[in-house]
Structure formats: C-alpha cells, structure tokens
Amino acid sequence: MKSKTSLPAVFISPSMIVLAVLAFVPTVFAINIAFQDKQLSSEDSHYVGLANFIALFSDRRFLNSIVVSLTWEVMTVVATMCIAVLLGILMFEAASARMRNILSVVFLIPVLMPRVSAAFVWKFAFHPLFGLAVYPYKAITGQPLDLLANPSTALATVAFVDVWQWSLFFSVIILHLLESLPHEPLEAAELDHARTWERYAYVALPMLKIPLISLTFVKMIESLRSFDLIYVMTRGGPGIKTETLDMYAFSQGFIESGNISYASSMAVLMMVATTIAFTALWKRVHA
Amino acid sequence: MARISCSHVCKSYGPLEVVKDFNLEVEDHEFVVFLGPSGCGKSTILRMVAGLEDISGGTISIDGKVVNDLLPRERGVAMVFQNYALYPHMSVFANIAFGLKRMRVPREDIERRVHEVSAILGLEALLERKPAQLSGGQQQRVAIARAMIKTPAVFLFDEPLSNLDAKLRSHMRVEIARLHKRLKTTTIYVTHDQLEAMTLADRIVVLRAGLIEQVGTPAEIYGFPRSRFVADFVGSPRMNLLDVTVGEAPDNKWALSTGHETFLVERGRFDLHRGMRAVLGIRPANLKSTSPDIRLNGLSGIVDLVEYLGDGVLLTIALPGEPARQVTALVPAEAAPVAGTVVGFGTPPEAIHVFDAETGKSCRSAYLGAAEVGQSMRDAS
C-alpha cells in the first residue's frame, strides 16, 4: 500500500536525524582523525595519509591484539553456545516445570549484573590469597593460585566470566525454544530408534537452526564489546596476554601515549573488518 | 507380527483418571479401531502402547512380552501421528530413512528399502522434497512410509486422517485398508470418525470417558449396540431415540408407549418389566413411509426440514406433544415430501432397539442377543 500523505515521514524524520547524528558524526570524526597525526596533548595536527595504518602492520603489539581478539571471540562464542545448548537440553530433559522456572530465574541473575560488577566479583573470587574460587587449590597444595597473573590461564579465566554471564542466560532461552517445539517430531524420533542425544542432534537442534544462529550472532557481537570486563580484570595483562584490539586502542589513545590518531586508525580498521566479516557470515548463513 | 494384550491398564494424571481398568486382546494381524469422542482416553491408550506415556497401572504386552518398562524404540511399534510429525528440515528420503539409519542398517539396504516403500505409496517423485513442499495427503503418506519401512510388529495410527479434507480422507482410508491387506501387520487405529472405524476395522472398541462401552465387529456395533451411548455415537444419520414407558400387551408382547405412539415388541427379545422407563431407538433408515394415521409400530408428524443427500433425503419430522420431539428418517430422493407435509412412518419390530433409561444399557435379552449376533455374522460373511 502506498501512502499518499507525508505524515509518516514527518514523524520518523526527527528521530532518524538524531540517530544519524549520533551514529555518523563520531564515525566520520574517527575516520577523519585516523588520517592525521593528532596527539591528546597538542591541538594542532596534520594529515599524514595512510601512515597510521601502515605503522599498524609493523606494530607487534597490534598484531598480538588481533590474535588475542580472535582467540577471545572464538573461545567465548563457542563455549557459550556449547554450554548453553547442553544446559538447555539438560533442563528440558531432567527438570520438572517448577524446577525449570526456578532455574530460569537463577540463571538470569548473572546476565542482569552489570559487567563491571561481575568482573569485580570474579576478580575477587580469583584473588590468589582471599579468592573463594581458588581456595580449594590453596588448601590442598598450600600454594597460591593466581590464574589472572599466569600468562597461560589469564585469557581463559576472563573468558570464563563472560561465558558464565551469557551461557546461563542463553540456556534459559534455549530451554524455552525447546519447549516451543512441537512434541510429535521428537516422539516420532523416539519411535524411530533415536537415542536421546540423536533426538537432539538430528531433530530438535536442526529444527532450532535459525534461532540458534541468531543467538550465535548476538553472542558474537556481544563478545566484541567485552572491553569493560577485560579492563577490570586484567587491564590487558599479564604483559599483553589479554590485550584485545579495543584494549590496545584505548591504551594507545588515552593511557600510554595519547596517540589519538593511531588509536582511531585501529578503531576504523576494526569497524571495517567486523562489518565485512559479519556481512559475509550473515550472507553465508542465510544463503 | 504380534498380539497385543492390555490387562487392567489405567492412566491417571494426578487425581484425574483418564483410563480406567482397560482390558483388551488384539489378535495377530487384526485391525482394531478405538472409536470415541474427544477426551475418551483413546489416544492415551495408544500412546501407552507406543511407550510415549507412562502406564499408571496394569500391564501391556506385545507378542507375549510385557513392555511397560521398555523404551518406545524397544517395543517394535511404529506410529503415524495426526499432524504427520515429519522432520521439517529433512527431505522426504531422509525422513523415511531416519529410523533405519538409527538402527545402523547398511546404506545400500536403506536405499533399496526406501525405494521399495516409496514405490508402494507413490512417493518416488517426491523423495528430494522437504515436507513443507508437500500437500497434506502426501505428508501423511510420507509418515506412513516412515512407519512402514521399519517393518514393525505393530502399527499405531493416531487419528491419521483428521487433518485431511473429505475427499483425500476417503482416498487415504482406502490406501490404509489396502496396505493392511498387503502387510497384515497388527494395527491399532484411533479415530473419532465412525465411518473410518466401520470401514477399516476388524473390530471396533467404543470408548467413553476412559471405559470400554463395547467391543465388536462393525456389524455388531452397528446392529446390536450394547448401550444407548454406542447407539447414539455410531451410525450416520444418528439413531432416533424416544423416551417410552413399558406396558404389557397381548400375544406375549411388550407395549412401549411414548404417550402418543405405541410400539409392540416380542417379550422374549427384551428384558423389561411393566412400568419401566426406557429409551426406544430406531435408525433413520429403518423408518418406512406409510399412511399418516398409523397407530402401532409407527409415528406420524409434520416434515420440518428436508435435507437432500443425493441418493436419499433426510427428513426431520416434528412429532406431536410437549416437550418438542423430533425424529429423522432417510427416504429415497424421488419419494421425498415437501416441508410442512403430514407424514407417517412405520418400522419393522425387529429394527427396534430398547435401552434402560437409567443405566443406558441395552435391554436386549442376553441369550437371544448372542444368537442374533451369530446370525448377523453369518449374514455378513
């Protein structure tokens, strides 16, 4: 139906303009200064072309942060989805309706916590001397266990907190998705000699393919924005072992050197890379 | 091939008892239909046989083996669901092959058997399609193929035709009948459609509120309903039921009087007593047109509604008296009167059914009842 009046446009345009300003002005500003040599400490700046971008690719810390970011992304997304699916199925199989409701509420609590508070809670839980989570190790071996200071465990430990927050929440969503499925195909599979795991692997989960993919995308986007969690728990440390792209950009721009242009060029690169990656994935999944 | 035996089976959800003391023996090769209105427990019994519902009490055995605690896949049963229950993300081929794959049947065997089964059901051209691209009838054929391919000992059908339109339903009914003739697999078929029950069944089990009302061949169920409920539920158009009071009549007969009409029946045929309140039943097809001033074994009234059915016409006739009573009669189309006409209908006394008004049970004498059933079975065969 084609509208004859311009009334919809009148109502929509103010909010669209506000949104456009909020979204595009900082983006354009960031792109603009990515091509300059702007410092936090001085007002004047010059255009330096692609110098910042070229410098990035010989910066070992930048290359390290790409690896950390990718590891982080894969680790958190895969772990969250696997645990959520398993927990969801477990609740669907084993819990009574009443138990499901109770668990759903309990499992929602972590994700309701602001991430900074969750980070502080767990940082304290992992404290080598007072931490509850590492207390058993200390009690048994007499040695303190500092997971966050150990280069080989730091990233996984931070990832654990992220997975704790999101996988429990997703398991509740998956439980409700399973509940929304028609019973009959699952019963038919039961009569078709399918074992329990086969019923889920071949019937229930494929029937939930689209919502599961959407959940994965949500988690992928969410995992990209885990700056606050990492910042509170490790600040990128030990060394640069947990320094993701956004951590590194932040420290280049505001903490260590105040090199705003260099940081912006990283942000721009990240934006372009994620846009391309997500568009490609989305197209592939919905092909 | 297998016998199914249910003894003292009951099912309750908390305090709600949906199946009460259900006893039934299904013979090898037999096609048994559970017939009853919604909520009578027929699907629940079927699902208990399949293993999809726990059995609250009693035992179910298949081929002599108690299956109460066996998983569905260990019972050797296959089931066809009302809404097909196909796996929506799989092709028709994968749907049919799913069970065999889970049973670790070699790939070549699966291919061969899927092609055999799809040839029988005319699905060969559809094997690559997804269920959503099929019509309802085709989907149900896929569901039957999926059940058939496992060569189960028992087939279970849970209202398989309810979601199809009338034409397709009668077509699929014939296909199911043909399939049973060919495979001879012991079958339990649940439906609320009496036409399906009558045409398909070797024996019909009429259920009501979790209890068996009557078990018998279609001819027995139709010809000798054991209760008012069965009489009312089976047969289309429905049996006419009139409240009567029993009186004695000469020549060793009972006089059944509605107050306006009187019907005379042989005393030996019914266990009645004087002054008893009863319900008289006559099937619409057993009312034969006669003179409007009929006094005995007949009734007269004014034609209220004329429904054209093709070969015949169904007349709804308003009978005199308060409260308003009506009966229906099936007459040949060419002899149909117009609405408003005063008509009279007579019935042969053998076609009269009598039920106890209080218990709803048939008043037919036990001995004679059995003899008549025997006669009717000889007639049928």
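These figures come from a predicted structure and were not determined experimentally.

Chemist: What am I meant to see in the environment of A:N52 here?
Modeler: Residue and element names in this part refer to chain A. By the element assignment, N52 lies in helix α2 (residues 51-56). Given a relative accessible area of 10%, N52 falls into the buried group. Excluding residues within four positions of it along the chain, N52 makes contact with I33, A34, Q36, S261, Y262 and S265. Among the polar contacts listed, one links the side chain of N52 to the backbone oxygen of Q36, at a separation of 2.8 Å.

Chemist: Where do I start with the confidence of the model for chain B in this structure?
Modeler: The predicted coordinates should not be examined in detail at positions where pLDDT is low. On average, residues of chain B score 88 in pLDDT, and 96% of them are at 70 or above. What the predictor reports for the complex is a pTM of 0.81 with an ipTM of 0.80.

Chemist: In this structure, what is going on with the sheet that holds strand β1 (residues 4-13) of chain B? I would like to understand it.
Modeler: Adjacent strands of a sheet pair through backbone hydrogen bonds, lying either parallel or antiparallel. All names here are of chain B. In space, the four strands of this open sheet follow the order β2-β1-β4-β5, with antiparallel pairing throughout. The open sheet has two edge strands with one neighbour each: β2 (16-26) and β5 (65-66). Relative to β5, strand β4 (residues 57-62) runs antiparallel, the two sharing two bridges. Residue pairing for β5: S61 is matched across the bridge by V66.

Chemist: Help me understand the packing of aromatic side chains in this model?
Modeler: Note on aromatic pairs: each is described by the distance of the centres and the angle between the planes. One pass over the structure, following the stated rule, counts 24 aromatic pairs over all chains. Relative to A:W282, the ring of A:F217 has its centre 4.8 Å away and its plane inclined at 70°; by these criteria the two rings are edge-to-face. With a gap of 65 residues between them, A:F217 in helix α10 (residues 209-224) and A:W282 in helix α13 (residues 260-285) connect regions that are remote in the sequence. Judged by its relative accessible area of 7%, A:F217 falls in the buried class. With relative accessibility at 43%, the residue A:W282 sits in the partly exposed group. With centroids separated by 4.6 Å and ring planes inclined at 50°, the aromatic side chains of B:Y87 and B:F98 adopt a geometry described as tilted. Highlighted residues: B:Y87 in the loop between β6 (77-80) and α2 (92-102) and B:F98 in helix α2, separated in sequence by eleven residues. Using a relative accessible area of 0% as the deciding quantity, one classes B:Y87 as buried. Taken together, A:W122, A:F126, A:F160 and A:W164 form an aromatic cluster joined through their ring pairs. The lysine or arginine in question, B:R102, covers the ring of B:F98, its NZ or CZ lying 4.6 Å from the ring centre. B:R267 extends its terminal NZ or CZ atom over the ring of B:W254, reaching a point 4.7 Å from the ring centre.

Rules behind the numbers
- Residues numbered from 1 in each chain as written.
- Chains lettered and ligands numbered in written order.
- Predicted model: local features only at pLDDT ≥ 70, side-chain atom pairs only at ≥ 80, totals over all residues.
- Heavy atoms only, no water.
- Helix = DSSP H or I, 4+ residues; strand = E, 2+ residues; numbered from the N terminus.
- Buried < 20%, exposed > 50% of the residue type's maximum accessible area, 1.4 Å probe, protein only.
- Contact = heavy atoms within 4.5 Å.
- Polar contact = N/O pair within 3.5 Å; in protein donor to acceptor, adjacent residues only side chain to side chain.
- pLDDT = per-residue confidence, 0-100.
- Pairing = 2+ DSSP bridges.
- Phe/Tyr/Trp six-rings, centres within 6.5 Å; stacked < 30°, edge-to-face > 60°.
- Lys NZ or Arg CZ within 6 Å of the ring centre and 35° of its normal.

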